[in-house]
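Architecture and fold: a report
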Amino acid sequence: MIDLIDVSFEYENGTRALSHVDLKINSGEFAFVVGASGAGKSSLLKLLTRETVTTSGKVFVNGFDLNRIKKKHIPKFRRSLGMIFQDFRLIPTMNVFDNVAFGLRVTDHSAKYIRNRVPYVLDLVDLKGKEKMRTNQLSGGEQQRVAIARALANDPPLIIADEPTGNIDPGLSLQIVELLIEINYRCGTTILMVTHEHDLVRYFGGRTISIENGEVTFDDYIKGTNEAWWQNHRKD
Ligand code: ADP
């Protein structure tokens, strides 16, 4: 699903943002990427979304070789990713339904698919009944749930969430991460969540990849402090 092989990345001014990173994330996994500001998280994301290419080393995502992909295939590659951002990036003049449907319409999905799929994903994120509301009438947590529904709309194999709780009250942040874990569990979507909020990661536990000064310094499973939550999900 994601495979980075000995990846290094330098900006044009010579700043080395990533150094010899090896990272493999399999289909169906949920992984946190943590690191302080300046550690290299955004640079890693830019490589994963093919905004930039490595200085050395290889990146494979969803079966695409991002060092060799042709320009004309980049849109197709990007459609295989669902993206969630810190600042939601919704269209404030559109209602909830249209925000989720927008990407499907521009990629020529049938009206029937959209009619069925949009309510389905809105139900998954617990926003049933809010279809007609404009997104600027919603709370931050609700806006992020619209963005999660949008990311799920075309059923991508991989969702990348870039600081998804960064603009949300701490209490609601837990709900957003719970929702992402639930989606991973129920839909089998691989999810990579980048965050600088170590407390949040400690609370949930799971595969945790730490980046410090452009290097992966830890990559292992940690036990969450909220064990009850995991136990409930392991039962069924
Ligand atoms: P993070 O997302 O973890 O805060 P970044 O990937 O943004 O970290 O930054 C990694 C390193 O690359 C830092 O030293 C940062 O100053 C540097 N950097 C980030 N963007 C640029 C840029 N456009 N040009 C030069 N250096 C950059």
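Residues numbered from 1 in each chain as written. Predicted model: local features only at pLDDT ≥ 70, side-chain atom pairs only at ≥ 80, totals over all residues. Heavy atoms only, no water.

Here's the deal with the packing of aromatic side chains
- Here the structure, examined in full by the defined rule, presents four aromatic pairs.
- Ring centres of phenylalanine 64 and phenylalanine 77 lie 5.3 Å apart, and the angle between their planes is 65°; on these two criteria the pair is classed as edge-to-face. Highlighted residues: phenylalanine 64 in strand S5 (residues 64-65) and phenylalanine 77 in helix H2 (residues 74-79), separated in sequence by 13 residues.
- Judged by relative accessible area, phenylalanine 64 falls into the buried class, the value being 18%.
- One Lys or Arg, arginine 89, reaches over the ring of phenylalanine 85 and ends 3.9 Å from the middle of that ring. (Phe/Tyr/Trp six-rings, centres within 6.5 Å; stacked < 30°, edge-to-face > 60°. Helix = DSSP H or I, 4+ residues; strand = E, 2+ residues; numbered from the N terminus. Buried < 20%, exposed > 50% of the residue type's maximum accessible area, 1.4 Å probe, protein only. Lys NZ or Arg CZ within 6 Å of the ring centre and 35° of its normal.)

A closer look at the sheet that holds strand S10 (residues 215-223)
- Strand order in the open sheet formed by six strands is S6-S7-S8-S3-S9-S10, and the pairing between neighbours is mixed. The sheet is open, and its two edges are formed by strand S6 (81-84) and S10, each paired on a single side. Each adjacent strand pair in this sheet contributes to an overall mean axis angle of 20°, direction not counted.
- Pairing of S6 with strand S7 (residues 158-162), which is carried by four bridges, proceeds in the parallel orientation. Bridge pairing in S7 links leucine 81 to leucine 158.
- The strands touched by helix H1 (residues 41-48) within the sheet are strand S3 (30-34), S6, S7, strand S8 (190-195) and strand S9 (205-212), with S8 carrying the most contacts at an inclination of about 150°.
- Along the sheet, helix H6 (residues 170-187) makes contact with S3, S6, S7 and S8, crossing S8 at roughly 160°. (Pairing = 2+ DSSP bridges. Axes fitted to C-alpha atoms, helices over the stretch in contact; angles between N-to-C directions. Contact = heavy atoms within 4.5 Å.)

Note that all results are geometric; they support no functional claim without further evidence.
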